Amino acid sequence: LAQLFRPLDMLGMVYRTIRQGLIDMAEMFRLLDTSVEVPDRPGAPALAIRQPSIVFDNVVFGYEPDRMILKGLSFEVPAGRNYAIVGPSGAGKSTIARLLFRFYDPQEGRILIDGQDIREVTQASLRAAIGIVPQDSVLFNDTIGYNIAYGRDGAGIDEVEAAARGAALMPLIDRLPQRLETEVGERGLKLSGGEKQRVAIARTLVKNPPILMLDEATSALDTRTEQDILATLQRVSRDRTTLSIAHRLSTIAEADRILVLNEGRLAESGTHSQLLRAEGLYAEMWARQATEAANIEEAAE
Ligand code: ATP
């Protein structure tokens, strides 16, 4: 009988792998709104991670051959550190995330994770190693528990609960009569933007990836919720290599290092205070945002 079920098992595995792929893709679509698949090299091994550092080594990339977006970009995120990418709109921040997830290969240069060229390993292993917390998460019309367990196939109830706790979802779940079994989505409980993002964080905790990619624009959230979510993300990103795409500078002042992207290259990098002292592009962007925030406050008064 076991023999008979083996093909079904296989099919189940294939289905689950595809399903997991789909949710990652769905999240990436939302985050990055584009995708082109790059095939695995025949016989490619899985990515083996001991020290999950990320290296961009002289990366040249353009979506179209006559318009390069990244023009020789080099940086390293050491294992376990929390780095942020900032830069003017259209500078290529999301493009970096797309390349790391290998939706495209660079025209020149290399991208390494833990010393391994990501072109040389299987995509499944690459994508299993990277967790994405997008600003706008996709929820299924199913229970909260199901939505969290989706992070990794075979996740048990204990793991789901631990993840919910880690994502600070317990105060919400404790209020619901059916707890993790509560239906959410279109036919169920409508979750707020902040709650949805917490579900995405819990899902990522279940996946437990060594590398995190955060899209930190939380413009849809009020300041208090944003601060709470940021605190949760900071906790979650501890001990993981984290790359945050920041659209607003106020959210990344705590990063170990800030990479400032301009015209396809690394213009500056340093901590928030180092970059302010350098009085370069970052200091300029910071001053501009401060003025804008003050203007908005003035207009509101
Ligand atoms: P923002 O902060 O506004 O989100 P960004 O720094 O994340 O910007 P990217 O999304 O990486 O910028 O885009 C960089 C450039 O690449 C932009 O000029 C954009 O128009 C271009 N681009 C993005 N996706 C594609 C695509 N699929 N095909 C062609 N050009 C693209």
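The structure presented is a predicted model; accordingly, all values stated were derived computationally and were not measured.

(A) Geometry of the environment of Leu266. Relative to the helices and strands, Leu266 is located in strand 10 (residues 265-270). Given a relative accessible area of 30%, Leu266 falls into the partly exposed group. Sequence separation of Leu266 and Gly72 is 194 residues, and the distance between their C-alpha atoms is 8.6 Å. Aside from chain neighbours lying at most four places away, what touches Leu266 is Leu73, Ser74, Phe75, Leu259 and Val260.

(B) Quick look at the site of the ligand. As a structural note, the neighbourhood of the ligand is formed by 16 residues, with Arg67, Ser89, Gly90, Lys93 and Thr95 the closest of them. Within the side chain of Ser89, a nitrogen or oxygen atom sits 2.6 Å from an oxygen atom of the ligand. In this structure, an oxygen atom belonging to the ligand sits 2.8 Å away from a side-chain N or O atom of Lys93. Relative to its free-state accessible area of 640 Å², the ligand is covered by the protein chains to the extent of 69%.

(C) Spotlight on the side chain of Arg240. Assignment of secondary structure puts Arg240 in the loop between helix 8 (223-237) and strand 8 (241-245). Among the polar contacts made by the side chain of Arg240, one reaches the side chain of Asn208 at a distance of 3.0 Å. Those residues in contact with Arg240 that sit more than four places away from it in its chain are Gly80, Arg81, Leu205, Asn208, Pro209, Pro210 and Leu212.

(D) Broad picture of the sheet that holds strand 1 (residues 54-61). Sheet architecture is open: 4 strands sit in the order 2-1-4-5, paired in antiparallel fashion. Bordering the open sheet on either side are strand 2 (70-77) and strand 5 (116-117), each of which pairs with just one other strand.

(E) Local environment of the sheet that holds strand 8. Overall, mixed pairing links the 6 strands, which are arranged 6-7-8-3-9-10 in an open sheet. Only two strands of the sheet have a single partner each, and these edge strands are strand 6 (130-133) and strand 10. Taking the axes of each pair of neighbouring strands and ignoring which way they run, one obtains an average angle of 20 degrees across the sheet. Inspection of the sheet shows strand 3 (residues 82-86) paired to strand 9 (residues 257-262) by 4 bridges, in the parallel sense. The residue bridging Ile85 from the neighbouring strand is Leu259, located in strand 9. Seen against the sheet, helix 2 (residues 93-100) touches strand 3, strand 6, strand 7 (211-215), strand 8 and strand 9 and runs at an angle of roughly 140 degrees to strand 8. Along the sheet, helix 7 (residues 193-207) makes contact with strand 6 and strand 7, crossing strand 6 at roughly 170 degrees.

(F) The confidence of the model for the protein, seen in detail. Residues of the protein with pLDDT of at least 70 account for 82%, and the chain-wide mean is 82. Counted against residues more than four places away or in other chains, residues 32-36, with its pLDDT under 50, gives 16 contacts. Scored as a whole, the predicted complex attains pTM 0.80, and scored at its interfaces, ipTM 0.96.

(G) Layout of the pattern of salt bridges. Following the criterion strictly, the structure yields 8 salt bridges and no others. Where Asp174 meets Arg179, a salt bridge forms, and the shortest distance between an N and an O atom there is 2.8 Å. The exposure class of Arg179 is partly exposed, given its relative accessible area of 35%.

(H) Focus on helix 7. The end-to-end C-alpha distance of helix 7, which contains 15 residues, comes to 21 Å, matching closely the 21 Å that a straight helix rising 1.5 Å per residue would cover. Counting buried positions along helix 7 yields 12 of 15 residues, so the element is predominantly enclosed. Of the positions making up helix 7, those classed as buried are Gly194, Gln197, Arg198, Val199, Ala200, Ile201, Ala202, Arg203, Thr204, Leu205, Val206 and Lys207. In the segment just after helix 7, Asn208 is the residue with positive phi, at about 55 degrees.

(I) Representation of the environment of His247. Position of His247 among the secondary structure elements: in the loop between strand 8 and strand 9. We classify His247 as partly exposed; its relative accessible area is 39%. On a C-alpha basis, the gap between His247 and Pro88 in space is 8.7 Å, while along the polypeptide they are 159 residues apart.

(J) Main features of helix 5 (residues 157-166). Residues Val160, Ala163, Ala164 and Gly166 constitute the buried set of helix 5. Relative to the axis of helix 5, the buried residues are bounded by an arc of 160 degrees and lie together on one face. Residues of helix 5 that are exposed and point more than 90 degrees away from the buried face comprise Ile157, Asp158 and Arg165. Ala168 sits one or two residues past helix 5 and shows a positive phi near 55 degrees.

Reading the values: the criteria
Residues numbered from 1 in each chain as written. Predicted model: local features only at pLDDT ≥ 70, side-chain atom pairs only at ≥ 80, totals over all residues. Heavy atoms only, no water. Helix = DSSP H or I, 4+ residues; strand = E, 2+ residues; numbered from the N terminus. Buried < 20%, exposed > 50% of the residue type's maximum accessible area, 1.4 Å probe, protein only. Contact = heavy atoms within 4.5 Å. Near = heavy atom within 4 Å. Polar contact = N/O pair within 3.5 Å; in protein donor to acceptor, adjacent residues only side chain to side chain. Areas by Shrake-Rupley, 256 points an atom, 1.4 Å probe, with all protein chains shown as cover. Pairing = 2+ DSSP bridges. Axes fitted to C-alpha atoms, helices over the stretch in contact; angles between N-to-C directions. pLDDT = per-residue confidence, 0-100. Salt bridge = Lys/Arg side-chain N within 4 Å of Asp/Glu carboxyl O. Expected span 1.5 Å × (residues − 1). Arc of directions from axis to C-beta.

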